[in-house]
Amino acid sequence: MDYVIGVDIGTTSVKTVLYDDEGAVKGYSNDLYDLYQDTADMAEEDPEEIFSAMIQGLQKVLEKADLQQGTLKGISYSCAMHSLICLDEDHKPLTRAITWADNRAVNYADELKKNGIGMELYKKTGVPTHPMTPLTKIMWIKNEHPEIFKKTRWFVGIKEYINYKLFGVLKEDYSIANATALFNIFTMDWDDQALEVAGINREQLPELVDTDYQLTGMNDHYANMIGIDKQTPFIIGASDGPLANLGVNAIKPGVIAVTIGTSGAVRVVTDKPKIDPKGRVFCYYLSKNMWVVGGPVNNGGIVFRWVRDQLCAPEKVTAEQMHVDAYDLLTKMAAEIPAGSNGLIFLPFLGGERAPIWDADARGTFFGLTRQHTRAHMIRAALEGIVYNLYTVALALEEVVGEPTSIQATGGFARSELWRQMLADIFEHDVNIPESFEGTALGAATLGMYSLGMIDSLYDVHKFVGVTNKHHPNQENYEAYRQLVPIYIRLSRYLQPEYKNIATYQREQEADELNQNK
């Protein structure tokens with residue numbers, strides 16, 4: 001029995017999965033860490049906490065492997081995109097890991113949009129202008145924390161930092177580099193104009209390598225701590241979005257992957273880079289002749305968590321008393337409400353938004369409230385709003401790559417029959433739920449198997465992925481959604497000019513409160 005480990009470094013945890021050479025899960029660990037959000041726009045992680053979580057995960061899953069009867073062939077990474085860590089001359093962090101969810105660079109993103117440079121860079125990098133990107137984060141640090149900027153020798157992401165600790169080298173795969181907005185997808189190198197805008201040079205960035213690149217010769221201390229041979233190959237892997245498509249077998253033309261976890265995304269694979277003239281979707285590298293085009297949203301399951309915690313405290317207590325999951329109780333309540341929530345629409349922009357509007361100042365809205373609406377209506381409207389927003393991303397994507405041939409739906413929401421049916425009804429398309437445990441980690445493991453010569457092609461992932469459920473659109477439901485989706489789209493456009501005003505007011509209020517508490 002040969003083994004491969006897929007490691008998925010996410011926003012709030014590292015998920016580590018041990019697979020055998022047939023793609024069967026033999027061990028699993030989910031190791032959490034904190035997301036630091038001291039202010040509304042801040043979203044940071046401690047690099048050492050992430051590194052420790054990864055080490056713990058590897059230790060736990062290796063206990064499940066019978067290394068007397070088999071061999072650990074390699075360990076392969078997936079990693080969240082857009083993180084930034086400033087390192088000094090000695091490779092010591094000057095900052096925590098600033099994540100994709102951090103919006104403090106919003107003014108610099110806005111400036112790039114206004115002066116047209118943002119669109120110029122998008123056409124070369126495939127990354128829409130947004131404060132999520134390391135490009136804008138570096139601009140923010142340079143202007144608002146010059147003391148850190150002057151001390152910074154290296155600008156890296158969390159995966160690069162972890163690999164430096166393990167192997168003593170700074171390498172960055174094309175996929176993670178692609179997401180920085182500093183990488184030219186047509187030359188496959190750092191982009192000179194982007195570097196000039198950021199105010200840095202290429203010597204401050206890691207060496208670029210392909211996603212199947214192998215690292216060996218681990219630091220003795222960490223090899224002993226994990227319990228593996230120091231020459232065990234670590235495949236550098238790719239970013240989490242492209243690998244999520246791979247891990248649910250959505251890599252053939254026209255096969256769309258719709259994911260709703262904490263955040264969400266709609267993505268499809270093409271054989272060459274594709275750019276949207278309107279700048280609404282990204283284009284990220286996966287492997288040779290495989291590019292992932294799509295759009296990420298900030299507001300997925302995290303919106304449902306807000307509904308649970310802030311709107312439905314009584315139901316949350318009831319669920320605890322009944323020893324049932326609060327989400328299951330809320331979903332059951334929502335299922336009693338007709339499709340369309342009797343005309344209640346929710347714009348789910350609780351944490352700004354990325355695709356398709358790319359506006360970090362976007363804010364949430366309930367529209368159409370009447371005295372007849374109940375908390376159950378608000379629950380359903382919130383769930384529908386999440387899917388409406390994903391559907392608008394799919395509409396933009398369709399303009400760039402054509403109509404979908406099929407939809408593979410994954411993420412925590414896929415456990416809910418209501419959400420699965422809602423997705424089929426709003427998208428008006430059959431929805432398949434793949435049998436793929438931790439699809440992003442499986443994508444990493446599959447890429448690792450390909451790098452190691454264990455499979456001939458990434459398309460061999462079909463051997464590891466089945467189908468558990470299939471949902472067809474319900475005519476009565478989608479006829480209701482056909483009337484409401486256009487209203488949702490118009491609302492998001494009409495309100496956009498006011499997002500900046502209300503966000504500025506909120507930031508000023510927050511600053512006043514902080515000053516009063518000092």
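Computed from a predicted structure; not experimentally measured.

Basis of the calculations
Residues numbered from 1 in each chain as written. Predicted model: local features only at pLDDT ≥ 70, side-chain atom pairs only at ≥ 80, totals over all residues. Heavy atoms only, no water. Pairing = 2+ DSSP bridges. Helix = DSSP H or I, 4+ residues; strand = E, 2+ residues; numbered from the N terminus. Contact = heavy atoms within 4.5 Å. Axes fitted to C-alpha atoms, helices over the stretch in contact; angles between N-to-C directions. Domains from an automatic or database assignment. Buried area = accessible area lost by both parts, 1.4 Å probe. Salt bridge = Lys/Arg side-chain N within 4 Å of Asp/Glu carboxyl O. Polar contact = N/O pair within 3.5 Å; in protein donor to acceptor, adjacent residues only side chain to side chain. Nonpolar A, V, L, I, M, F, W, Y, C, P; charged D, E, K, R; others polar. UniProt positions renumbered as here; feature names shortened; annotations may be inferred. Buried < 20%, exposed > 50% of the residue type's maximum accessible area, 1.4 Å probe, protein only. Core = buried A, V, L, I, M, F, W, Y, C linked by side-chain atoms within 4.5 Å. Parallel < 35°, antiparallel > 145°, perpendicular 65-115°, else oblique. Left-handed = near helix turned anticlockwise from the far one by under 90°.

Chemist: Even after reading the chapter, I still don't get the sheet that holds strand β14 (residues 234-239), so can you show me in this structure?
Modeler: Spatial strand order, β3-β2-β1-β5-β14-β13: six strands in an open sheet with mixed pairing. A single partner strand is all that each edge strand has here, and the edge strands are β3 (25-32) and β13 (214-215). In this structure, β13 lies alongside β14, joined through two bridges in antiparallel fashion. Looking at β14, one finds that L215 is bridged to F234. Contacting β1 (2-9), β2 (13-20), β3, β5 (71-79) and β14, helix α1 (residues 47-62) crosses the sheet at an angle of about 155 degrees to β3. The sheet strands contacting helix α16 (residues 439-451) are β1, β2, β5, β13 and β14, and the helix crosses β1 at an angle near 130 degrees.

Chemist: How should the domain arrangement of the chain be read in this particular structure?
Modeler: Interface size, as often reported, equals the accessible area lost upon joining of the parts. Looking at the assigned domains, one finds that the chain contains domain 1 (2-242) and domain 2 (301-404 + 475-517). Computed from C-alpha coordinates alone, the two centres of domain 1 and domain 2 are separated by 30 Å. Domain 1 puts 15 residues into the contact, and the matching count from domain 2 is eleven residues. Carbon and sulfur atoms supply 52% of the area that domain 1 and domain 2 bury against each other, a total of about 960 Å² over both sides. A per-residue breakdown of the area domain 1 buries against domain 2 is headed by D41, V106 and H130, which together make up 33% of the total. Residues D110 and K500 are paired through a salt bridge, measuring 3.0 Å at the closest nitrogen-oxygen approach. Along the contact surface separating domain 1 from domain 2 lie five residue pairs in polar contact (both at pLDDT 80 or more). A breakdown of the residues in the side of domain 1 that touches domain 2 according to their chemical character gives six nonpolar, six polar and three charged.

Chemist: Would you mind showing me how to read the sheet that holds strand β17 (residues 282-287) here?
Modeler: What holds strands together in a sheet is hydrogen bonding between their backbones, with the strands either parallel or antiparallel. The strand order β17-β18-β16-β15-β21-β22-β23 describes an open sheet built from seven strands, whose pairing is mixed. Among the strands making up the open sheet, the edge pair consists of β17 and β23 (466-471). Ignoring which end each strand starts from, the neighbouring axes of this sheet average 30 degrees apart. When strand β16 (residues 264-270) meets strand β18 (residues 290-297), the two strands line up antiparallel, connected through seven bridges. Bridge pairing in β18 links R267 to G294.

Chemist: Just checking my understanding: could you explain the UniProt feature "domain: Carbohydrate kinase FGGY C-terminal" (unreviewed entry) in the chain for this structure?
Modeler: Mapped onto this numbering, the UniProt entry annotates "domain: Carbohydrate kinase FGGY C-terminal" (unreviewed entry) at residues 257-451. The span residues 257-451 shows a helical share of 42% and a strand share of 21%, and its end C-alpha atoms are spaced 24 Å apart.

Chemist: Explain the pairing of strand β15 (residues 255-260) to me, please; I cannot follow it from the model alone.
Modeler: On any regular strand, side chains alternate: one points to one face of the sheet, the next to the other face. Of all six residues in β15, six are buried; the element is thus mostly enclosed. Every second residue of β15 is oriented toward a common face, with V255, A257 and T259 on one face and I256, V258 and I260 on the other, all of them buried. Strand direction decides the pairing type here: β15 and β16, joined by five bridges, are antiparallel. Within β16, the residue paired with A257 across the bridge is R267. Hairpin connection from β15 to β16: three residues lie between these consecutive antiparallel strands.

Chemist: When you look at the nonpolar core in this model, what are you seeing that I'm missing?
Modeler: Buried together is how nonpolar side chains tend to be arranged in soluble globular proteins. The biggest cluster of nonpolar side chains holds 120 residues, and the ones touching the most others in it are L182, I200, I426 and F427. Taken domain by domain, the makeup of this core includes at least three residues from each of domain 1 (2-242) and domain 2 (301-404 + 475-517). Judged by nonpolar contacts, the second largest core, of 39 residues, contains I50, A65, L72 and V156.

Chemist: Would you take a moment to explain unusual backbone geometry for this structure?
Modeler: It is generally the case that most residues other than glycine have a negative phi and that most peptide bonds are trans. Cis geometry is adopted by the peptide bond preceding P356, which originates at A355 and carries an omega value of -5 degrees. Among the secondary structure elements, P356 is positioned in the loop between β19 (345-347) and β20 (365-367). The phi dihedral of M188 is positive, around 55 degrees, even though this residue is not glycine. Structurally, M188 is set in the loop between β10 (183-184) and β11 (189-190). The phi dihedral of N249 falls on the positive side, at around 60 degrees, and the residue is not glycine.

Chemist: So what exactly am I meant to see when it comes to the packing of helix α2 (residues 106-115) against helix α4 (residues 134-144) here?
Modeler: In a packed pair of helices, the relevant descriptors are the angle between the two axes and the axis-to-axis distance. Between α2 and α4, the least distance of the axes is 8 Å, while the angle of their chain directions is 115 degrees. With respect to their mutual orientation, α2 and α4 come out roughly perpendicular. Taken as a pair, α2 and α4 cross one another with a handedness that is right-handed. Two secondary-structure elements touch here, α2 through Y108, A109 and L112 and α4 through L135, T136, M139, W140, N143 and E144.

Chemist: Please explain the pattern of salt bridges as it appears in this structure.
Modeler: Charged atoms that come close allow side chains of opposite charge to pair. For the structure shown, the criterion picks out 27 salt bridges. When the shortest N-O distance is used, the salt bridge between D220 and K230 registers 2.9 Å. With D220 in helix α9 (residues 220-226) and K230 in the loop between α9 and β14, this pair connects stretches of sequence that are ten residues apart. Residue classification places D220 among the partly exposed residues on the basis of a relative accessible area of 45%. We note a salt bridge from R507 to D361, for which the minimum N-O separation is 2.8 Å. Of this pair, R507 sits in helix α17 (residues 475-517) while D361 is found in the loop between β19 and β20, placing the two residues 146 residues apart along the sequence. A cluster of three or more residues bridged by salt bridges with shared partners is formed by D41, D110, D361, K500 and R507.

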